[in-house]
Amino acid sequence: MVFHTAFLLQAASSSLLASSRVTVVVNRIADALGDDTFKGIHKMMPFDWAMIIPYFTVLTVLSVYGLHRYAMIRGYWKHRRQFTGEPPSRFSTLPRVTIQLPIYNERYVVERLLEETAKVDYPRELLQIQVLDDSTDDTHPFTERLVEEYAETGLPIEYIHRTNRHGFKAGALENGLKTATGEIVAIFDADFVPPRDFLHRTVHYFAEQKVGMVQTRWGYLNRHQSVLTEVQAMLLDGHFVLEHVARGGARLFFNFNGTAGVLRKSMIEDAGGWQHDTLTEDSDLSYRAQLKGWKFVYDPSIECLSELPVETYGFQVQQSRWAKGLTQVAKKLLPSILKADLPLRVKAEAFFHLTPNISYPLMIVISVMMLPVMIVRFYMGWLEMLLIDFPLIVASFWSISAFYVVAHRELFPKTWKRAFLFLPALMAAGVALTIINSRAVFEALIGYKTEFARTAKYGQQGSKIRDNKYRRRSGWLPYAELLAGSGFLAMTVYAINSYNYLAVPFLMLFVGGYFWAGATTLWQEYQGKLAFERARELATEQAQAEAEA
């Protein structure tokens, strides 16, 4: 799945540059009235230029990605009426379909997945369901038993368990294809709930022989569980509501999101099969297939519900995996895309689609330089603000607000104004991804390989996490985030002391984002530790009671 939020950070930094400098304004007014007392009081030195030039260069790069969001909004409004939800032609005889369910240690959601998949409406003689289980915990025997029970009822379902995780999810899917009987392959991750009419609404698109993939829109079972899940849903809505429609409608390349989609088996084989040299095997296959001339279709009228991560670190791990994987795909395929015989607009959009995560390390650069630049720019005036800062604000902060508010309005026309309430939290969530995603991008660029890090899902809505068996340890990350938050708090104090009062709200987004990420991660890990200790004490007491009995 492709998703990026680093651009959220540029809003705070570029808006910071537009802060009010009370002393400077007073001086400028005095100059305008003919008082040149303060004229020439400050002269730009080499150090000043050494700070200003790279700072504005980085901000300009980030703002270009901000302007791209306006292009996505425009593309959505231009092409949205094309998406009627009705295939242009239909099969007279339905094709055989294989549903693949790749899972790995998904004890809390696999039962729901199988239950809902069993309800999918499609002729049983044309259907095959593959449960591709790479689990190493008790999910394995539990799922195997469930599959046997469903098979006994006549459901065409089979269980495939690998004793190794070679290739991770891509490897499991490729292994399943060896015995797949369907011409069409539908894929659902463990935390998804396929609609009953999913296949009848998607397979007919494949009546057109050049169609290789149909992607549907994600929805969320636990959207309203917390501020974190609300923000995640908004971020993903921008991708599924606006970006896919804009790209698909303009016949630009877009990606299969790894789940809640349907692929033609021959397309997978023609594109080179599932490859596992990137962490986003879905985007990798998508671009290879479209370079081969296959047509991709998006149907936003079909909503597949899923479960969002409920833990801060789980959210960060998922986003960093997507950031690293997409950067790996860019490194792997962009040379071929740019050399291919494709329209310039297709190449340009592919570049913007595959490279936005470079914004994360650029934001690290911005963060390091922000304080010295604030000091240098203290002596600059309102005219420079209008000429330089204002366009950056329009390109960054306003584009963020417009992008996510428009997406929210399209989904929830009656309650869309509540999106404004979550914009500060949404930007803070972007701040919370800066450090971990910067590391992910650097690892991708230098070719450092890491294993596929699964995102823990707990199959619940609103209840407390039952234990910490799937929780990953965050290590040094929350402490680095608390340190970064402290640095921005110091900048906030400086802004107040230098009369840059309008800078304070934007700086506080950084303070809040870093402190929120670090503190909530440590708190959740502490709560998990307490739960583990309580469970161990209860087990010990129970064992002692049984021994005494």
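As a reminder, the structure under discussion sits directly above these lines.
Residue indices begin from 1 for each chain and proceed along its sequence in written order. Only residues with pLDDT of at least 70 are given local features in this predicted model, and only at 80 or more are side-chain atom pairs given and counted; all residues enter the totals for whole chains, interfaces and linings. Where side-chain values are given, they derive from all heavy atoms of the structure, hydrogens and water being excluded.

Here we take up the nonpolar core. One finds Ile99, Leu199, Leu263 and Trp274 to be the most contacted residues of the largest nonpolar core, which totals 96 residues. Helical segments are the DSSP runs of H or I of at least four residues, strand segments are the runs of E of at least two, and each set is numbered from the N terminus. For this core, the element with the highest residue contribution is helix H8 (residues 227–249), accounting for 11 residues. Setting aside its immediate chain neighbours within four residues, tryptophan 274 contacts Ala170, Leu173, Glu174, Leu177, Ile187, Phe256, Leu263, Ile268, Glu281, Asp282 and Leu285. Nonpolar cores were defined as sets of buried Ala, Val, Leu, Ile, Met, Phe, Trp, Tyr and Cys residues, with membership established by side-chain atoms within 4.5 Å. Only protein chains enter the accessibility calculation, which uses a 1.4 Å probe. A residue is then buried if its area is under 20% of the maximum for its type, exposed if over 50%, and partly exposed in between. Two residues qualify as a contact provided that any one of their heavy atoms is within 4.5 Å of a heavy atom in the partner residue.

Before going further, it helps to spend a moment on a nonpolar patch on the surface. Each patch is built from residues lacking any salt bridge and having more than 30% relative accessible area; the joining distance is 9 Å for like charges and 5 Å for nonpolar side chains (Val, Leu, Ile, Met, Phe, Trp, Tyr). Per-residue and other accessible areas follow the Shrake-Rupley method at a 1.4 Å probe size, with only the shown protein chains counted as cover for residues. Any carboxyl oxygen of Asp or Glu within 4 Å of a side-chain nitrogen of Lys or Arg constitutes a salt bridge here. Residues Ile358, Phe442, Leu445, Ile446 and Tyr448 make up a contiguous nonpolar surface patch of about 510 Å² in total accessible area. Position of leucine 445 relative to the elements: it lies in helix H16 (residues 434–446).

Take the side chain of glutamine 130 next. Within the secondary structure, glutamine 130 sits in strand S2 (residues 127–133). With relative accessibility at 0%, the residue glutamine 130 sits in the buried group. Side chain to side chain, glutamine 130 and glutamine 100 meet in a polar contact 3.0 Å long. Apart from the residues within four sequence positions on either side, glutamine 130 is in contact with Thr98, Ile99, Gln100, Leu101, Glu158, Ile160, Gly176, Leu177, Thr179 and Ala180. Whenever a nitrogen or oxygen atom comes within 3.5 Å of another N or O atom, the pair is scored as a polar contact, on the condition that within protein one atom can donate a hydrogen and the other can accept it, and that pairs from neighbouring residues in sequence are kept only if both atoms are in side chains.

Attention now goes to the side chain of aspartate 189. Relative to the assigned elements, aspartate 189 resides in the loop between strand S4 (184–187) and strand S5 (192–193). A distance of 2.8 Å separates polar atoms of two side chains, one belonging to aspartate 189 and the other to lysine 169. Once residues within four sequence positions are removed from consideration, aspartate 189 is found in contact with Pro102, Leu113, Lys169, Gly258 and Thr259.

So, on to the pairing of S4. Residue alternation in S4 divides its side chains into two sets, Ile184 and Ala186 and Val185 and Ile187, and both sets are buried. With four bridges joining them, strand S1 (residues 97–103) and S4 adopt parallel strand pairing. Paired with glutamine 100 across the bridge in S4 is isoleucine 187. Note that S4 and strand S7 (residues 261–264) share four bridges and pair antiparallel. If you follow alanine 186 over to S7, its bridge partner there is valine 262. Between any two strands, pairing holds if DSSP finds at least two bridges.

Moving on: the packing of aromatic side chains. Ring pairs are drawn from Phe, Tyr and Trp, using the six-membered ring of Trp, whenever the two centres fall within 6.5 Å, and their geometry is named by plane angle: stacked under 30 degrees, edge-to-face over 60, tilted for the rest. Counted by the stated rule, this structure contains 18 aromatic pairs. Between phenylalanine 256 and tryptophan 274, the aromatic rings sit 6.5 Å apart at their centres with planes inclined by 55°, giving tilted as the arrangement. Residue phenylalanine 256 is located in the loop between H8 and S7, and its partner tryptophan 274 is located in the loop between helix H9 (265–270) and helix H10 (281–291); the two are separated by 18 residues in the primary sequence. We classify phenylalanine 256 as buried; its relative accessible area is 1%. In this structure an aromatic cluster arises from ring pairing among Tyr65, Phe351 and Phe352. Ring-over charges, as used throughout, are those where CZ of Arg or NZ of Lys falls within 6 Å of the ring centre and within 35 degrees of the ring normal. The ring of tryptophan 294 has lysine 210 lying over it, and the distance from NZ or CZ to the ring centre is 4.8 Å. Here the guanidinium or amino end of arginine 409 rests over the ring plane of tryptophan 416, the centre of that ring lying 4.8 Å away.

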